[in-house]
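Coordinate analysis (summary)
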Amino acid sequence: MSDSVVRPRPDAAVTLRPVAGARLNGGFWGARQRVNREVTIPLGGERVRESGAFDNLKLAGRGAGGEHRGKIFADSDVYKWLEALAWERGRAGGDDLARAYEEASELVEAAQAPDGYLHTHTQLTGRPRYGDLASSHELYCAGHLMQAAVAGSRATGDRRLLEVATRFADHLVKDLPPDALDGHPEIETALTELYRETGTRPYLDLAARMIATRGRELLPLKGHHGPGIRQDRVPPREAATVEGHAVRAVYLAAGAADVAAETSDQGLLDALERQWADMVATKTYLTGGLGSVWYGEQFGGPHELTPETAYCETCAAVGSVQWSWRMLLATGAAQYADLMERTLYNAVLPGISLSGDRFFYVNALRVRAGANPDDRRAAARGRQDWYGTACCPPNVMRLLSSLDHYLATRDGDGVQLHLYAPGTIRAGEVLLEVETDYPWDGRVEIVIRETPDHPWTLSTRIPSWSSDAVVEGTLAGTRSDGTLAGAGAGAGAGAGAGAGVGFGADAEPGTYHRVRRTWRPGDRITLDLGVRPRLTVAVPRLDVARGQVAVERGPLVYCLEQTDHPGVIVDDLCLADADLRDGTPLAGLPADVVPVTARGRAHVHREDDGGSPYRTAAAPREADHAGPIDLTFVPYYAWANRGTGPMTVWAPMHAD
């Protein structure tokens, strides 16, 4: 991702630009990237090949038609996998990745029609182009091709796919029917990214036209669904909330945010801010997961967030990160980085096993004893090795491979750190080194390795959950005690190496702590974000969680899992007190995983329950619960890696 991904808007109060020179180096996310590279991406190539998607490209390249294998949108699985390869090649290189990328790129290039069109299902079946955009996914697939091409160009300078993508985009600009929309938004972001990479203005204009056309009910209705499921009921600049298919909703919002940024459309950006805020307030699970309705993979109504029937598709979590990232770039507001972090740890990461070879499509927050595992997507079945609709696994691959780009940004005043992980951040003349064991430990050390000889601002995000964050600084050999303390953020602007600068006074949760000064190599800022277990409750309108609590630690949501509670059923457990403690490592999980322990009780099933789930209301009886019992909470992302069984994020709080 180049530094020119978002251009400054003259009327914007804040516009941030991604930092191309950020690199993860070990730690929590470094370990996930290693598994992604060594296990998941190679597996993805095998599975996509087995699905017939490569064969479809080969047949299309021959131009003689043939039988199309797999889903109508099978091409997109190839493109998302190619995007993951591209980012990974740029991140760590490797001949094996280069060969795989080259082979697949050749197939894509050969499959393209002379006029630039490319969609193997249409080409092989002979169906009319753009004749059924409500369902054909033609433009959806085109969008993923464009994003893979942009990734290849930015990450490695390889422009082979970029030339394919620009030929396709040129065809769309010239030949796409007026007011054409795809039933699955995605191309809007891709066209804007392609514009950023090539400078070809008609690509942006086409994306803007598509955003402006949405909400006029132009797409034909299919089955029982109304226009909302395809994001065609309310114009984006008029919508007050998100609705319909969750993945399509956040993909459209991300594309609209891109268009708003590039066209300085403050009205559209204001509308997106309202929609995002309503989504977070009324339609987002504690994990950051989105979509509560299985039928149509949709958002439900306000506060319709049932744990056991949560859909929370992994792709929706990936799309949420993409939307929040674009809102962060456009506004600089910490709330967007907060949701990105929550979603990455608790809604994206559960979609893939610790071993990197099994996947969740659906991410429920509760699995009851005896839950029906009939649907292959059901969490009760555990993670699967692949899916017939394989959108989620390659989506996770491409996000993990590109994760470095979400760490930091820069603007005309300095550098901003959004996500914490060990590594280096190169932003122009500034080179930072980050040392941390986050999220297990809240200590984050940022060392200035290189810096210009003039004042600039270093901004560090204080997460909204960090109620007692402390920020301290140490100068490189300029004072006898070596420490900085005092007046408050922003003090010392333009100060020399020995001047005091205030740290900590404005370390407010949900904001950025900013220090502006003339830095020197060796200067160091230390954050202590106070990572420790805490209890979380839901607002009263979230009736499915009334009287219940969840456990969080730092950015991580925790859950109770059956494997840690032999002899009782997780469904029967409740928390007996609020004394939460860090536990010791558990067999079957990585040694650095920190469990949380507490005292609890279990419901006693009595003979006088009457064989019915209901009884006359009465005061709770002490004999209704046995205890005390030792409870063990594990990070939600890590559940179902030691077998599949009952699990819950929310648990009742027992009152003695």
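Residues numbered from 1 in each chain as written. Predicted model: local features only at pLDDT ≥ 70, side-chain atom pairs only at ≥ 80, totals over all residues. Heavy atoms only, no water.

**Brief notes about the overall build of the protein chain**
- A tally of helices and strands in the protein chain yields 14 helices and 22 strands.
- For 656 residues, the compact-globule formula gives about 26 Å, and the C-alpha radius of gyration of the protein chain, at 25 Å, lands near that figure.
- If one aligns the C-alpha atoms of the protein chain with their principal axes, the spans along those axes are about 75 × 75 × 50 Å.
- Counting over 656 residues, the protein chain shows a buried share of 59%.
- Taking all contacts inside the protein chain whose residues are at least 6 apart in sequence as the whole, residues at least 24 apart take part in 69%.
- For the protein chain, the separation between the mean place of its 69 positive charges and that of its 86 negative charges on side chains is 2 Å. (Helix = DSSP H or I, 4+ residues; strand = E, 2+ residues; numbered from the N terminus. Rg over C-alpha atoms; globule rule 2.2 N^0.38 Å. Buried < 20%, exposed > 50% of the residue type's maximum accessible area, 1.4 Å probe, protein only. Contact = heavy atoms within 4.5 Å. Lys, Arg positive; Asp, Glu negative; His and termini not counted. Charge placed at Lys NZ, Arg CZ, Asp CG, Glu CD.)

**A look at the state of the cysteines**
- Per the stated rule, a full pass over the model turns up 0 disulfides.
- In this structure cysteine 392 is a free cysteine whose sulfur lies 3.6 Å from that of cysteine 315, the closest cysteine sulfur available.
- Judged by relative accessible area, which is 1%, cysteine 392 ranks as buried.
- A disulfide-free cysteine, cysteine 574 has its sulfur positioned 17 Å from the sulfur of cysteine 559, the nearest such atom.
- Among the residues examined, cysteine 574 registers a relative accessible area of 3% and is labelled buried. (Disulfide = S-S within 2.5 Å.)

**Points about the pattern of salt bridges**
- A full pass over the atoms with the stated rule returns 48 salt bridges.
- For arginine 368, the salt bridge goes to glutamate 308, with nearest N and O atoms at 2.8 Å. In this pair, arginine 368 sits in the loop between strand 3 (366–367) and helix 14 (392–401) while glutamate 308 sits in the loop between helix 11 (266–282) and helix 12 (314–331), placing the two residues 60 residues apart along the sequence.
- Judged by relative accessible area, which is 39%, arginine 368 ranks as partly exposed.
- Judged by relative accessible area, which is 27%, glutamate 308 ranks as partly exposed.
- One salt-bridge network, in which partners are shared between bridges, spans Arg154, Glu193, Arg196, Glu197, Asp258, Glu262 and Arg326. (Salt bridge = Lys/Arg side-chain N within 4 Å of Asp/Glu carboxyl O.)

**Things to note about a negative patch on the surface**
- On the surface, Asp437, Asp441, Glu472, Asp528 and Asp592 cluster together into a patch of negative charge.
- Among the structural elements, aspartate 437 can be located in the loop between strand 7 (430–436) and strand 8 (443–450). (Patch = residues over 30% accessible without salt bridge, like charges linked within 9 Å, V, L, I, M, F, W, Y side chains within 5 Å. Areas by Shrake-Rupley, 256 points an atom, 1.4 Å probe, with all protein chains shown as cover.)

**Examining the packing of helix 11 against helix 13 (residues 334–348)**
- Packing of helix 11 against helix 13 brings their axes to within 12 Å, and their N-to-C directions diverge by 45°. The angle between helix 11 and helix 13 places the two elements in the oblique class. Where helix 11 crosses over helix 13, the two elements pack in a sense that is left-handed. On the side of helix 11, the interface is formed by Glu273, Trp276, Met279 and Val280, while helix 13 contributes Gln335, Tyr336 and Leu339.
- Taken together, the residues of the contact of helix 11 with helix 13 break down into 5 nonpolar, 1 polar and 1 charged. (Axes fitted to C-alpha atoms, helices over the stretch in contact; angles between N-to-C directions. Parallel < 35°, antiparallel > 145°, perpendicular 65-115°, else oblique. Left-handed = near helix turned anticlockwise from the far one by under 90°. Nonpolar A, V, L, I, M, F, W, Y, C, P; charged D, E, K, R; others polar.)

**Considering the confidence of the model for the protein chain**
- With 91% of its residues at a pLDDT of at least 70, the protein chain reaches an overall mean of 91.
- Predicted confidence is poor over residues 1–13, with pLDDT under 50, and the contacts of this stretch with residues over four places away or in other chains come to 45 contacts.
- Note on residues 477–504: pLDDT is under 50 here. Beyond four places in sequence and across chains, it has 64 contacts. (pLDDT = per-residue confidence, 0-100.)

**Notes on the sheet that holds strand 5 (residues 414–417)**
- Taken together, the 5 strands give an open sheet; going across it, the order is 1-4-5-9-12, and neighbouring strands pair in mixed fashion. At either margin of the open sheet sits one strand with a lone partner, and together these are strand 1 (17–18) and strand 12 (511–517).
- Pairing analysis gives 7 bridges linking strand 9 (residues 456–462) to strand 12, with the strands arranged antiparallel. Considered in strand 12, the bridge of threonine 457 is made with arginine 516.
- Most of the contacts of helix 12 go to strand 4 (residues 408–411), to which it runs at about 25°, and overall it touches strand 1, strand 4 and strand 12.
- The strands touched by helix 13 are strand 9 and strand 12; relative to strand 9, the strand with the most contacts, the crossing angle is about 50°. (Pairing = 2+ DSSP bridges.)

**Concerning the packing of helix 9 (residues 201–213) against helix 10 (residues 246–263)**
- For the pair helix 9 and helix 10, interaxial distance at closest approach is 10 Å and the crossing angle is 125°. Relative to helix 10, the element helix 9 is oriented oblique. Our pair here, helix 9 against helix 10, has a crossing hand that is left-handed. Contacts between helix 9 and helix 10 involve Arg201, Leu204, Ala207, Ala208 and Ile211 on the former and, on the latter, Leu252, Gly255, Ala256, Val259, Glu262 and Thr263.
- In terms of residue class, the contact of helix 9 with helix 10 is made up of 7 nonpolar, 2 polar and 2 charged.

**Here we look at unusual backbone geometry**
- For the peptide bond that leads from tyrosine 438 to proline 439, omega is 10°, which places it in the cis range.
- Here proline 439 shows up in the loop between strand 7 and strand 8.
- In this structure, aspartate 179 is a non-glycine residue whose phi angle is positive, near 65°.
- Counting through the fold element by element, aspartate 179 comes out in the loop between helix 7 (160–175) and helix 8 (187–198).
- Notably, histidine 303 is not glycine yet its phi reads approximately 65°, a positive angle.

**Looking at helix 14**
- Taking burial as the measure, the 10 residues of helix 14 include 10 buried ones, the bulk of the element.
- The elements touched by buried residues of helix 14 are helix 1 (27–50), helix 3 (74–92), helix 6 (138–156), helix 10, helix 12 and helix 13.

**Description of the pairing of strand 10 (residues 470–474)**
- Every second residue of strand 10 is oriented toward a common face, the buried set being Val471 and Gly473 and the non-buried set Val470, Glu472 and Thr474.
- Examined bridge by bridge, strand 10 and strand 13 (residues 524–528) share 5 bridges and lie antiparallel to one another. Paired with glycine 473 across the bridge in strand 13 is isoleucine 525.

**Examining helix 8**
- Between its terminal C-alpha atoms helix 8 stretches 16 Å, which fits the 16 Å expected from 12 residues at 1.5 Å a residue.
- The buried fraction of helix 8 is high, at 10 of 12 residues.
- Those residues of helix 8 that sit buried are Ile187, Glu188, Thr189, Ala190, Leu191, Thr192, Glu193, Leu194, Tyr195 and Arg196.
- Contacts made by the buried residues of helix 8 are with helix 6, helix 7, helix 9, helix 10 and helix 12.
- Phi for glycine 199, located one or two positions after helix 8, is positive at around 75°. (Expected span 1.5 Å × (residues − 1).)

**A closer look at the packing of aromatic side chains**
- Using the criterion set out here, one finds 17 aromatic pairs in the structure.
- Relative to tyrosine 345, the ring of tryptophan 29 has its centre 5.0 Å away and its plane inclined at 50°; by these criteria the two rings are tilted. Separated by 316 residues along the polypeptide, tryptophan 29 in helix 1 and tyrosine 345 in helix 13 bring together distant segments of the chain.
- On the basis of relative accessibility, which here comes to 7%, the residue tryptophan 29 falls in the buried class.
- By relative accessible area, which is 2% here, tyrosine 345 ends up buried.
- A centroid spacing of 5.6 Å and a plane angle of 65° characterise the contact between tyrosine 361 and tyrosine 387, whose relative ring orientation is edge-to-face. Separated by 26 residues along the polypeptide, tyrosine 361 in the loop between helix 13 and strand 3 and tyrosine 387 in the loop between strand 3 and helix 14 bring together distant segments of the chain.
- Accessibility expressed as a relative area gives 5% for tyrosine 361, which makes it buried.
- Its relative accessible area of 5% is what places tyrosine 387 among the buried residues. (Phe/Tyr/Trp six-rings, centres within 6.5 Å; stacked < 30°, edge-to-face > 60°.)

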